[in-house]
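Coordinate analysis (summary)
Below are the chains, spelled out letter by letter.
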Amino acid sequence: MAGIVDRKSREEIKMMRRAGQIVAEVHALVRENLRSGISTFELDELAEAHIRKSGALPTFKGYHGFPATLCTSINAEVVHGIPSKEAILNEGDIVSIDVGATYRGLIADAAFTAGVGEITEDLKNLLIATEESLFAAIEQMREGRYLEDVSGAVEDVNKKYKYGLVRNYGGHAVGRKLHEEPFVHNFRTGNQGPMLKVGSCLAIEPMFNLGGDDVYTAKDEWTVLTTDHLPSAHFEHTVVVTESDPEVLTRLKSD
Ligand code: MG
């Protein structure tokens, strides 16, 4: 695919920046409340209340019928886990928290994975490597680079640490719709893809597994799990190409 990754206007980016701050605030709120004994349903309620109080809408709720504000994916769950009163977090678990907010019609989308209480060294290292690959990909979000550079940056970090890599899911352009073209693979495809220009916005989201690459979808038709049932980590930011350094719209800005 040639061409360029769709460029958002200054006004659109302003709204996405606000949406991104609301997403970052939800991340902080969920982190504060992550503890053994809490259900993912309770986290979802906190997240939805914060988004609505901020004058935004929970992007995921109702998206293709998804029933909640957050995707909460525990341990072997990779992405798209549905918050539930029965899903109680336990010491030693890792959980991916993914959330989107829509502010005046514009969307920001981000995820993090964190441990509940103390987690094993293996899990800590998995989280560090996955987040490192996200930062490496963000570094490629510069005018004149190509989509393949972003994908390749994730792949290189994944190979360095020899983790499993989720291939069936990935990032996406984002703006007025949650999932816009192009899809962002977490590995090189052999095509340079469209060029990045000032105003191009991508949600980049690497997913690394402690075991193999393969995943499947559960009977609920949402939750994606690793086939070997080993833990998986997921980090995501919404990023815009600027005239200087990449701007991470979903990073909490201290005022
Ligand atoms: Mg996303």
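Just so you know, these numbers come straight off a predicted model, no measurement behind them.

Details of the layout of surface pockets
Here the largest pocket is characterised by a volume of approximately 430 Å³. Lining the largest pocket are 25 residues, with Tyr63, His80, Tyr169, His179 and Glu205 sitting closest to its centre. Among the secondary structure elements, those contributing two or more residues to the lining of the largest pocket are strand E7 (171-173) and strand E8 (180-184). No other element matches the 4 residues that E8 contributes to the lining of the largest pocket. For the lining of the largest pocket, the class distribution of residues is 12 nonpolar, 7 polar and 6 charged. Roughly 250 Å³ of volume is contained in the second largest pocket. Together, 13 residues line the second largest pocket, and Arg10, Ile13, Arg17, Val198 and Thr242 are the ones closest to its centre. Tallying contributions element by element places helix H1 (residues 10-33) first for the lining of the second largest pocket, with 4 residues. In terms of residue class, the lining of the second largest pocket is built from 4 nonpolar, 3 polar and 6 charged.

Remarks on the sheet that holds strand E3 (residues 77-79)
Read across the open sheet, the 3 strands follow the order E3-E12-E11; overall the sheet is antiparallel. Where the open sheet ends on each side, the last strands, each with one partner, are E3 and strand E11 (215-217). Averaged over all neighbouring strand pairs, the angle between strand axes comes to 40 degrees, with direction disregarded. Pairing geometry for E11 and strand E12 (residues 224-226), over 3 bridges, is antiparallel. Following the sheet pairing, Tyr216 is matched in E12 by Leu225.

Some remarks on the environment of Thr238
Looking at where Thr238 falls in the secondary structure, it is placed in strand E14 (residues 237-240). On the basis of relative accessibility, which here comes to 0%, the residue Thr238 falls in the buried class. Thr238 sits 14 residues away from Val224 along the chain, and the two C-alpha atoms are 22 Å apart. Excluding anything up to four places from it in sequence, Thr238 contacts Met16, Ala108, Asp109, Val174, Leu202, Ala203, Glu247, Val248, Leu249 and Thr250.

Here we look at the pairing of strand E4 (residues 94-103)
Taking burial as the measure, the 10 residues of E4 include 10 buried ones, the bulk of the element. Alternating positions in E4 separate into two faces, Ile94, Ser96, Asp98, Gly100 and Thr102 on one and Val95, Ile97, Val99, Ala101 and Tyr103 on the other, with burial throughout. Sheet analysis places E4 next to strand E5 (residues 106-115), joined by 10 bridges and oriented antiparallel. Bridged to Gly100 within E5 is Asp109. Remark: 2 residues form the turn of the hairpin made by E4 and E5, two consecutive strands paired antiparallel; Arg104 in that turn has positive phi of roughly 45 degrees.

Section: unusual backbone geometry
In the segment running from Glu181 into Pro182, the intervening peptide bond is cis, with an omega of 5 degrees. Relative to the assigned elements, Pro182 resides in strand E8. Unlike most non-glycine residues, Arg104 shows phi in positive territory, near 45 degrees. On the accessibility criterion, Arg104 (59% relative accessible area) is exposed.

A short note on the packing of helix H3 (residues 121-139) against helix H4 (residues 147-161)
Remark: H3 packs on H4, axes separated minimally by 8 Å, with the N-to-C direction vectors making an angle of 150 degrees. With respect to H4, the element H3 is oriented roughly antiparallel. Seen along the crossing, H3 lies across H4 with a hand that is right-handed. Taken together, the residues of H4 that come into contact with H3 (itself represented by Ala129, Glu132, Ser133, Ala136 and Ala137) are Val150, Ala153, Val154, Val157, Lys160 and Tyr161. In the contact of H3 with H4, the residues fall into 8 nonpolar, 1 polar and 2 charged.

Side note on the side chain of Glu12
When you line up the elements, Glu12 lands in helix H1. A relative accessible area of 16% means that Glu12 is categorised as buried. Non-local contacts of Glu12, meaning those with residues more than four positions away in its chain, are made with Leu106 and Arg176.

Thresholds applied
- Residues numbered from 1 in each chain as written.
- Predicted model: local features only at pLDDT ≥ 70, side-chain atom pairs only at ≥ 80, totals over all residues.
- Heavy atoms only, no water.
- 1 Å grid on protein atoms, 1.4 Å probe; cavity = no way out; pocket = protein on both sides within 12 Å on 5 of 7 lines; lining within 4 Å.
- Points joined across faces, edges and corners; volume = space filled by probe spheres on them.
- Helix = DSSP H or I, 4+ residues; strand = E, 2+ residues; numbered from the N terminus.
- Nonpolar A, V, L, I, M, F, W, Y, C, P; charged D, E, K, R; others polar.
- Pairing = 2+ DSSP bridges.
- Axes fitted to C-alpha atoms, helices over the stretch in contact; angles between N-to-C directions.
- Buried < 20%, exposed > 50% of the residue type's maximum accessible area, 1.4 Å probe, protein only.
- Contact = heavy atoms within 4.5 Å.
- Parallel < 35°, antiparallel > 145°, perpendicular 65-115°, else oblique.
- Left-handed = near helix turned anticlockwise from the far one by under 90°.

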